[in-house]
Every structure is written in structure tokens, then in C-alpha cells.
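# Descriptive analysis of the structure
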Amino acid sequence: MSEPHPDMPKQWIKGMEPTMNDKGFMFAILDEFANEFIQLSGASEDEVLELGCAYGVATIKALEAGGRVTACDMDERHLEVLLSRVPDECRDRLTLKAGTLPDIDLPENHFGAVLCSRVIHFLRGDDIDATVRNVFRWLKPGGRFFLVADTPYGIWRNFIPTWDANIEKGERWPGLMERLLDFLPFTPSREDAGPEFMNLMSPDLLERTCKEAGFEVERAVWVRRDDFGSKGRMDGRENCGLAAIKPV
Ligand SMILES: C[S@@+](CC[C@H](N)C(=O)[O-])C[C@H]1O[C@@H](n2cnc3c(N)ncnc32)[C@H](O)[C@@H]1O
């Protein structure tokens, strides 16, 4: 058993590991999109790519399924923890790549599948579009893309009136939320907790950005995450997810 990373924040809720860079949590429970990515990873000869992998909850399962995985994150410390958790017999099928979206140096027309789970809501609109265009370049023709993001219907419910007003005004990115502390349902213990802004998404927004990049969208749906809060407080739209294919 290796020593815990010295920068690892204290985990105060079971199943939610805080990131080291205040970019949310890695959740132990995987959704249908991560599970499909894992299943494809094991079934395919192609290498797969996870973007914003944190400590690797999906990457490690994809490796255990027999896949070859490139795992990327902007924080090298996350990749160090990931590596310490990978079973020895899987290590030679893992490539680690530190980099910040949208611009990471990755090979074109290379990957059979890409998972980007709960990452793009940390990007401004132009960077979301640029990220999705880059994913299109990195995938092989016929490759699959799984994209998951936070919505205003999870812990950010205090933002819903602003979201609705932004949609009414025809804003391109209605979920752009600055001054996050104004919208939290509780007072955080640290003044500076959390990222500078978030860009909350919906199935329609995921679909629009992927279609504009050239993808064929297979499905774009709300994702229920009962583990995000006590049952009944939320409404089954806590995340949104999309599966798409790069046309052959
Ligand atoms: C909320 S965690 C998601 C972890 C995991 N993918 C999941 O779904 O549980 C967000 C992760 O994305 C990474 N991240 C955020 N913005 C990024 C960017 N612009 N480029 C690369 N990684 C980024 C963070 O460092 C963090 O590890």
C-alpha cells in the first residue's frame, strides 16, 4: 500500500474524492456513458482516451477490461495518484498525458473512443467548442465520443432562474455562472472554495456543440445522479450526457 499523496484533500463524503485543484470531485459511481466507454475499451483493439480523468475511476476500469488507455488531466498530481492505483499488470497499457484542454498534443485519427466526463463545465464556451473539435480530430473515423457535464439541476439549482432568463435572451452559453458562492445551497467552509466560474450544460447544448464539430449524435439525455444529494431533493437532471460517432 503506497503513501497517500501529500496534497490529497480530505474526503468528507463517501464516494466523492475531491480533486487537488478545486475542480470538483471524482465520483465512485459511474454513469451509463462511462460504462459504455469501459466496455468498448475492453472490446476494441484501438487505444482509447480519457480527458479530465482525475484519479482514474474510469481509466482503471477500462484498463482492467483489457483496454489500452491514454489518460489526460491538467493536474499532474492527479496522474501520479492514478498511476499509484493502477494494477501492475495493466501499467504497460496506460499512457499518461498532462495537458489543459482545449489544446493537448495528441495524435490525429488515432483513438477508438473518447470519454470526457464532468470536465467541460470548467471551460468557457469557445474552449468547449475548440475541445470538441479537437476530440473530433483525435478520434478515428467511426470512433465514439462520450461527453458528460453538470447542469443547473444538481447542486446549482439556485442558478435556475438565471439559466431560464439567459435561455429566454438567446444566450449561446446560458449556463455561464460567475460568482459561484452566490448560487451554492450552503455556505462553504473556505472563502475561496471552488473554481472561478462554471459553464453548466444541457443535452441540447452538448448536441449543438458536437453537431457543429461534425459528429453524428446518437443520443443526448439528462442523467440521474441520486448520489449527488439526498434522494428526492433533485429531479433526475443532475448531469447531461451524450454519445456521438465520428462519421466514416
Ligand atoms: C470533476 S473532475 C471529473 C473526474 C472524472 N472524469 C469524473 O467524471 O468523475 C474534473 C477533472 O477534470 C480536470 N480538468 C478540468 N479542467 C480541465 C482542462 N481544461 N483540461 C484538462 N483537465 C481538466 C480536473 O483537473 C479534474 O481532474
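Our subject in this report is the structure included herewith. (Residues numbered from 1 in each chain as written. Predicted model: local features only at pLDDT ≥ 70, side-chain atom pairs only at ≥ 80, totals over all residues.)

A separate point is the overall build of the chain. Counting its secondary structure elements, the chain contains 6 helices and 11 strands. For 248 residues, the compact-globule estimate of 2.2 N^0.38 gives 18 Å, and the C-alpha radius of gyration of the chain, at 17 Å, lies within 12% of that figure. Viewed in the frame of its principal axes, the chain has a C-alpha envelope of about 50 × 45 × 30 Å. Counting only residues that meet the buried cut, the chain has 39% of its 248 residues in that class. When contacts within the chain are restricted to residue pairs at least 6 apart in sequence, those whose partners lie at least 24 apart make up 68%. (Helix = DSSP H or I, 4+ residues; strand = E, 2+ residues; numbered from the N terminus. Rg over C-alpha atoms; globule rule 2.2 N^0.38 Å. Buried ≥ 20, exposed ≤ 12 C-beta atoms within 10 Å, placed from the backbone. Contact = placed C-beta atoms within 7 Å.)

A few words now on the nonpolar core. The nonpolar side chains of a soluble globular protein tend to be buried with one another. Among the nonpolar cores identified, the biggest contains 63 residues, and Phe37, Val114, Phe145, Leu147 and Leu206 are the most heavily contacted of them. The dominant element in this core, judged by the number of residues it contributes, is strand β7 (residues 139-150), at 6 residues. Not counting residues up to four positions away in its chain, the partners in contact with Phe145 are Val114, Val135, Leu139, Cys210, Phe215 and Ala244. (Core = buried A, V, L, I, M, F, W, Y, C linked by C-beta atoms within 7 Å.)

Attention now goes to the environment of Met177. Relative to the elements of secondary structure, Met177 occurs in strand β8 (residues 176-178). Those residues in contact with Met177, other than ones at most four positions away along the chain, are Trp156, Phe159, Phe183, Phe197, Met198 and Leu200.

Let us look at the sheet that holds strand β6 (residues 111-117). The strand order β5-β4-β3-β6-β7-β11-β10 describes an open sheet built from 7 strands, whose pairing is mixed. Among the strands making up the open sheet, the edge pair consists of β5 (94-98) and β10 (216-223). Here the strands of the sheet are splayed against their neighbours by 15° on average, with no regard to which way each runs. Here strand β3 (residues 48-51) pairs with strand β4 (residues 69-73) via 4 bridges, running parallel. Bridging across to β4, Leu49 finds its partner in Thr70. Against the sheet, helix α6 (residues 203-213) contacts β7, β10 and β11 (239-245), and its axis sits at roughly 160° relative to β10. (Pairing = 2+ DSSP bridges. Axes fitted to C-alpha atoms, helices over the stretch in contact; angles between N-to-C directions.)

To continue, consider the environment of Ala71. With respect to the secondary-structure elements, Ala71 resides in strand β4. Each C-alpha atom of the pair Ala71 and Leu82 lies 9.1 Å from the other, and the pair is 11 residues apart in sequence. Not counting chain neighbours up to four residues away, the residues in contact with Ala71 comprise Glu50, Cys53, Gly56, Thr59, Leu79, Leu82, Leu94 and Leu96.

Around the ligand there are 22 residues in total, and Gly24, Gly52, Ala54, Met74 and Ser117 lie nearest to it. Looking at the shell around the ligand residue by residue, the class counts come to 11 nonpolar, 7 polar and 4 charged. (Near = placed C-beta within 6 Å. Nonpolar A, V, L, I, M, F, W, Y, C, P; charged D, E, K, R; others polar.)

Let's shift gears to the pairing of β6. With 7 of its 7 residues buried, β6 lies for the most part within the structure. Bridging between β3 and β6 involves 4 bridges; their strand directions are parallel. Residue Glu50 lies in a different strand from β6, and its bridge partner there is Leu115. Pairing between β6 and β7: 6 bridges, direction parallel. Note on β7: the bridge partner recorded for Ser117 is Val148. For the crossover from β6 across helix α4 (residues 125-138) to β7, the handedness is right-handed. (Right-handed = clockwise from strand over helix to strand, strands pointing away.)

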